[in-house]
Amino acid sequence: MNTPHALHGRILTPLGWRRGHVRFDQHIHTLDVDDHAGDDNTLPVILPGFIDLHVHGGAGVDLMQGGDVARTIARTHARHGTTSLLGTTMTAAMDEIENALRGLAQVMAAPDSDAAQIVGVHLEGPFISPQRLGAQPPRTVEATLQCVQHLHALAPIKVLTLAPEIGQHTALIPALSNMGIRVQLGHSAGTYEDAVAALQAGATGFTHLFNGMTGVDHRNPGIAAAALAYAQYAEIIPDLHHVHRGVIRMAARAIPRLYAVTDATAATGMPDGEYALGEQRVHKCMGCVRLASGSLAGSALTMDQALRNLVDVGLELADAAQRVSTFQADYLALHDRGRIAPGLRADMVVLSPDLHLQQVWVGGQSISLQHA
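Conventions and cut-offs
- Residues numbered from 1 in each chain as written.
- Predicted model: local features only at pLDDT ≥ 70, side-chain atom pairs only at ≥ 80, totals over all residues.
- Heavy atoms only, no water.
- Pairing = 2+ DSSP bridges.
- Helix = DSSP H or I, 4+ residues; strand = E, 2+ residues; numbered from the N terminus.
- Salt bridge = Lys/Arg side-chain N within 4 Å of Asp/Glu carboxyl O.
- Buried < 20%, exposed > 50% of the residue type's maximum accessible area, 1.4 Å probe, protein only.
- Core = buried A, V, L, I, M, F, W, Y, C linked by side-chain atoms within 4.5 Å.
- Contact = heavy atoms within 4.5 Å.
- Phe/Tyr/Trp six-rings, centres within 6.5 Å; stacked < 30°, edge-to-face > 60°.
- Lys NZ or Arg CZ within 6 Å of the ring centre and 35° of its normal.
- Polar contact = N/O pair within 3.5 Å; in protein donor to acceptor, adjacent residues only side chain to side chain.
- Arc of directions from axis to C-beta.

Caption draft 1: Quick look at the pairing of strand S15 (residues 273-277). Bridge count for S15 against strand S16 (residues 280-285) is 5 bridges, and the pairing is antiparallel. If you follow Gly-273 over to S16, its bridge partner there is Lys-284. The antiparallel hairpin formed by S15 and S16 contains 2 residues in its connecting segment, where Gly-278 sits at a positive phi of about 60 degrees.

Caption draft 2: The pattern of salt bridges, seen in detail. By the definition in use, this model includes 15 salt bridges. The partner of Asp-112 in a salt bridge is Arg-71, and the shortest N-O contact between them spans 2.7 Å. A residue pair is termed long-range when its members are at least 10 positions apart, and Asp-112 in the loop between helix H2 (94-109) and strand S9 (117-123) and Arg-71 in helix H1 (residues 69-78) qualify at 41 residues. Grouping residues by exposure puts Asp-112 and Arg-71 together as buried. Two residues, Arg-339 and Asp-330, come together in a salt bridge whose shortest N-O distance is 2.9 Å.

Caption draft 3: Local environment of the nonpolar core. If you look at the biggest cluster of nonpolar residues, it comprises 109 residues, and the most contacted ones within it are Leu-47, Leu-160, Phe-206 and Leu-209. In terms of residue count, the dominant contributor to this core is helix H9 (residues 317-331) (7 residues). Setting aside residues no more than four positions away along its own chain, Leu-160 makes contact with Leu-123, Phe-127, Val-148, Leu-176, Ile-181, Arg-182, Val-183 and Gln-184. Ranked by size, the runner-up nonpolar core spans 11 residues in total, among them Ile-28, Ile-46, Val-350 and Trp-361.

Caption draft 4: Looking closely at H1. When you tally the buried positions in H1, you get 8 out of 10 residues, the bulk of the element. Of the positions making up H1, those classed as buried are Val-69, Ala-70, Arg-71, Ile-73, Ala-74, Thr-76, His-77 and Ala-78.

Caption draft 5: Main features of the packing of aromatic side chains. Inspection of every chain in the model, using the stated rule, returns 4 aromatic pairs. An angle of 35 degrees between the planes, with centres 4.8 Å apart, marks the rings of Tyr-233 and Tyr-331 as tilted. Residue Tyr-233 is found in strand S13 (residues 233-236), and its partner Tyr-331 is found in helix H9; the two are separated by 98 residues along the sequence. By the burial criterion, Tyr-233 is buried, and Tyr-331 matches it. A network of ring pairs unites the aromatic residues Tyr-233, Tyr-259 and Tyr-331 as a single cluster. Positioned above the aromatic ring of Trp-17 is the side chain of Arg-10, whose terminal nitrogen or guanidinium carbon lies 4.2 Å from the ring centre.

Caption draft 6: Region of the structure containing the side chain of Thr-302. Note that Thr-302 resides in the loop between strand S17 (288-290) and helix H8 (303-312). Within the structure, the side chain of Thr-302 is placed 2.5 Å from the side chain of Asp-304, a separation counted as a polar contact. If we ignore the near neighbours within four places in the chain, the residues touching Thr-302 are His-80, Thr-262 and Thr-268.

Caption draft 7: Representation of the environment of Arg-249. Position of Arg-249 among the secondary structure elements: in helix H7 (residues 245-254). Relative accessible area serves as the criterion here: at 41%, Arg-249 is assigned to the partly exposed category. In sequence terms Arg-249 and Val-313 are 64 residues apart; their C-alpha atoms lie 7.0 Å from each other.

Caption draft 8: Region of the structure containing unusual backbone geometry. Note the cis peptide between Gly-125 and Pro-126, where omega equals 20 degrees. Within the chain, Met-286 stands out as a residue other than glycine whose phi angle is a positive 55 degrees. Position of Met-286 among the secondary structure elements: in the loop between S16 and S17.

Caption draft 9: Region of interest: helix H3 (residues 145-154). When H3 is considered as a whole, its buried residues turn out to be Cys-147, Val-148 and Leu-151. Around the axis of H3, the buried residues are gathered within 95 degrees of arc, so they sit on the same side. Away from the buried face of H3 by more than 90 degrees, exposed residues Gln-146 and Ala-153 are located. Looking at the buried residues of H3, the elements they touch are H2, S9, strand S10 (157-162) and helix H4 (169-178).

Take a look at the structure:
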């Protein structure tokens, strides 16, 4: 018999802010709330647990190392309020990608109770443009259905990034969509027209919007312009280094379900220094993670800081909360999370009125916020 728990505070419910209690064990049982809008700013803030769909590493380890490292990554991000995540690959030799996916699958099969739930893979490489590598190594290949099916059999691919202008990538999108994979456009030198064609073929999102893609020139628009014109969903890195705060606001107005990702690397949760990002060496300094060339290379962002940054750039807290949880759940059709409502998983975070993390609950299990 699971021990019931209760949290009291200002709760973000599907009907808006309410003041009262949420009672739960592994799942939420009841919301005992009053009809007030929950405008008491002295109460703790209770939000759905954060969902991060782009995570490379944390606590000094990188997913591409394979083995058991995904366990460390999931534990690290849980301490920052992430209750579900996608393990994200780098462009690499195929045997290295296979090794990373095998390790990820093993951790998914035997998850920890004190960690974020890994719900699958974001295959960010290798089906990208050699002209828009960003921090990815120069080991790109053209996607084939057989290759994706092989990788999907090793660990469930939920999101796949590709450059639509490469070879038969756009023609491949319907088959990938039929496999239940969300195809995102990114690391692309393609045109606005390439992106529109890919969306018409079934692509559903954009990988770290504005970064690693053609832009918003008003006479020669690129991939990012197509996102602003057509996208329902797109991910963005709100660390205030990758994208200017004013551009985050612009994107949030244009894209109804723009959502935050961390693009977190091994440097997340670690002091300044040198770390691995796939086969690359990156340097963390002053909150940024960069290649030796100075180019940004993923981030050291956590989802609790992403929430605070979204509020800092001018989004209302309820809006920001959806962009770190609800929209991600909807995007992946994770109908059992992303909201606080009876019957859903008890994935929740409790924050102080100034939005600093106090408690994290994953499937009704309390997560220690202290480093092991």
